[in-house]
Amino acid sequence: MQIVGTITAPTPFVAANFIILDTIIFCCLDIICLIVQAMGGLSAAHAANTKTNASMGANIMLRGISAQIFAIVVYVTLAVETLLHLQYNLPLRHVGHGRIFILEKSQRAQL
């Protein structure tokens, strides 16, 4: 039971961060990673109950954890880039022949 808590405990906190910055893609990826981890845990638990090798289930669980860490690293990288753009008042994207979107001071304060 302690392993289940260790695996699932960070998920709500990470999902809350994804929702705060309105990134549904990362939230869905987090849920998929959690399902992969659960499938690996179920496989490992079944193998332990039948006294067989549980390494396949453990490997599936580790792949789910690594995919979740990769998603978190990509998310943090994008969030830091966005915050740096806001701090230095740089455009969030460059448009070839149009206006450049720059946040005003009141909009930055809201973020």
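Residues numbered from 1 in each chain as written. Predicted model: local features only at pLDDT ≥ 70, side-chain atom pairs only at ≥ 80, totals over all residues. Heavy atoms only, no water.

In this section: the packing of helix 2 (residues 10-20) against helix 3 (residues 24-49). Their axes nearest at 9 Å, the elements helix 2 and helix 3 cross at an angle of 165°. Judged on the interaxial angle alone, helix 3 and helix 2 are roughly antiparallel. The interaxial crossing formed by helix 2 with helix 3 has left-handed handedness. Every residue of helix 3 that contacts helix 2 at Thr-11, Val-14, Ala-15, Phe-18 and Ile-19 is listed here: Phe-26, Cys-27, Asp-30 and Leu-34. Residue classes in the contact of helix 2 with helix 3 are distributed as seven nonpolar, one polar and one charged. (Axes fitted to C-alpha atoms, helices over the stretch in contact; angles between N-to-C directions. Helix = DSSP H or I, 4+ residues; strand = E, 2+ residues; numbered from the N terminus. Parallel < 35°, antiparallel > 145°, perpendicular 65-115°, else oblique. Left-handed = near helix turned anticlockwise from the far one by under 90°. Contact = heavy atoms within 4.5 Å. Nonpolar A, V, L, I, M, F, W, Y, C, P; charged D, E, K, R; others polar.)

It is worth spelling out the packing of aromatic side chains at this point. One pass over the structure, following the stated rule, counts one aromatic pair. Judged by centre distance (5.5 Å) and plane angle (70°), the rings of Phe-26 and Tyr-75 are edge-to-face. Taken as a pair, Phe-26 in helix 3 and Tyr-75 in helix 4 (residues 55-87) lie far apart in primary sequence, 49 residues in all. In this structure, Phe-26 and Tyr-75 share a single accessibility class: buried. (Phe/Tyr/Trp six-rings, centres within 6.5 Å; stacked < 30°, edge-to-face > 60°. Buried < 20%, exposed > 50% of the residue type's maximum accessible area, 1.4 Å probe, protein only.)

Let us now look at the side chain of Gln-68. Locating Gln-68 in the fold gives a position in helix 4. Look at Gln-68 and you get buried, because its relative accessible area is 8%.

Taking 1.5 Å per residue as the helical rise, helix 3 with its 26 residues ought to reach 38 Å, and the 37 Å between its terminal C-alpha atoms agrees with that figure. Residues of helix 3 that are buried include every one of Phe-26, Cys-27, Asp-30, Cys-33, Gln-37, Gly-40, Ala-44 and Ala-47, and no others. Positioned one or two residues after helix 3, Lys-51 has a phi angle of 60°, which is positive. (Expected span 1.5 Å × (residues − 1).)

Bringing the packing of helix 2 against helix 4 into the picture now. Between helix 2 and helix 4, the shortest axis-to-axis distance is 12 Å and the interhelical angle comes to 30°. By the angle class used here, helix 2 and helix 4 are roughly parallel. Considering the relative orientation of helix 2 and helix 4, their crossing is left-handed. Listed contacts from helix 4 to Thr-11, Val-14, Asn-17 and Phe-18 of helix 2 are Gln-68, Ile-72 and Tyr-75. Looking at the contact of helix 2 with helix 4, its residues break down into four nonpolar, three polar and no charged.

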